[in-house]
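Spelled out, the chains give:
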Amino acid sequence: MSALREKLGKKGISPLAAVALEGISEADIKKAIEAKADISEYSLELVMKVILGEFSADILFSLIKNGYELSSMADCLMAIGIIIHKIPEDLIYTIVDNEYMLDGTADSLLIMGTAEGRLSEKVFRYMLENNYIFSDRVWEEIFETGIDFMVDAYMRRKH
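Cut-offs and rules
Residues numbered from 1 in each chain as written. Predicted model: local features only at pLDDT ≥ 70, side-chain atom pairs only at ≥ 80, totals over all residues. Heavy atoms only, no water. Axes fitted to C-alpha atoms, helices over the stretch in contact; angles between N-to-C directions. Helix = DSSP H or I, 4+ residues; strand = E, 2+ residues; numbered from the N terminus. Parallel < 35°, antiparallel > 145°, perpendicular 65-115°, else oblique. Left-handed = near helix turned anticlockwise from the far one by under 90°. Contact = heavy atoms within 4.5 Å. Nonpolar A, V, L, I, M, F, W, Y, C, P; charged D, E, K, R; others polar. Buried < 20%, exposed > 50% of the residue type's maximum accessible area, 1.4 Å probe, protein only. Lys, Arg positive; Asp, Glu negative; His and termini not counted. Salt bridge = Lys/Arg side-chain N within 4 Å of Asp/Glu carboxyl O.

Asks: I tried to follow the packing of helix α3 (residues 43–51) against helix α5 (residues 72–83) on my own but got confused; where do I start?
Replies: Helix-helix packing is described using two parameters, namely the angle between the two axes and the distance between the axes. Close contact between α3 and α5 brings their axes to 8 Å; oriented N to C, the two are set at 15°. Regarding the angle of α3 to α5, the classification is roughly parallel. Considering how the two elements wind past one another, α3 and α5 form a crossing that is left-handed. Residue-level inspection shows Ser43, Leu44, Val47, Met48 and Ile51 of α3 in contact with α5, the latter providing Met73, Ala74, Leu77, Met78 and Gly81. Looking at the contact of α3 with α5, its residues break down into 8 nonpolar, 2 polar and no charged.

Asks: Would you take a moment to explain the side chain of Asp107 for this structure?
Replies: Mapped onto the elements of the fold, Asp107 is located in helix α7 (residues 104–115). One buried charged side chain, Asp107, makes no salt bridge at all; its nearest oppositely charged neighbour is Arg137, positioned 6.9 Å away. Apart from the residues lying within four places of it in its own chain, the contact partners of Asp107 are Leu102, Met127, Tyr132, Ile133, Phe134 and Val138.

Asks: Hey, could you run me through the packing of helix α8 (residues 121–129) against helix α10 (residues 148–158) in this one?
Replies: Packing of α8 against α10 leaves a shortest axis separation of 11 Å and a crossing angle of 5°. Regarding the angle of α8 to α10, the classification is roughly parallel. Of the residues in α10, those in contact with Glu121, Phe124, Arg125 and Leu128 of α8 are Phe149, Met150 and Ala153. Partitioned by chemical class, the residues of the contact of α8 with α10 number 5 nonpolar, no polar and 2 charged.

Asks: Whenever I open this one, the pattern of salt bridges confuses me. Can you help?
Replies: If charged atoms from side chains of opposite charge come close, those side chains can pair. For the structure shown, the criterion picks out 6 salt bridges. A salt bridge links Lys30 to Glu26, with the nearest nitrogen and oxygen atoms 3.5 Å apart. You can see Lys30 and its partner Glu26 sitting in helix α2 (residues 26–34), 4 residues apart, about one turn around the helix. When the shortest N-O distance is used, the salt bridge between Arg137 and Glu141 registers 2.6 Å. Note that Arg137 and Glu141 are positioned in helix α9 (residues 136–144) at a spacing of 4 residues, about one turn of the helix. The exposure class of Arg137 is partly exposed, given its relative accessible area of 45%.

Asks: Sorry, what's going on with α10 here?
Replies: It helps to recall that an α-helix has 3.6 residues per turn; residues three or four apart then point in one direction. Of all the positions in α10, only Phe149, Met150, Val151, Ala153 and Tyr154 are classed as buried. Buried residues belonging to α10 abut α7, α8 and α9.

This is the structure in structure tokens:
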């Protein structure tokens, strides 16, 4: 765990972010989500706890399915968690199916993860084939990967 905390610290993400939820159980968070309580201010901390293995990824699935908006930093951390396999790739399907839009930087991280082979092409194809909304800047990054299926998606979008 300390190695992961160190990696996050190098990325400018405080490993102490999870402290804000200290003493609050996963069951309490699930109840709050079901009650539609405003817990969005804790989105970064929730993602951190999932990555550190203190909460299950079910929390993130539930947040997305219930229409919560996570912070930009939480989106980015979630993308990192998916790429480093601390959060299941299946979360991408839930994101797409629930029309949740990740922060553009998180999208860029997913592109980079796919290009590096750390994220399954199948998952990114799902985003492309199911009309996930990317910004123009991110579409340019998709094209710049040079990966056939990504370039093809870019060309279909432009023509």
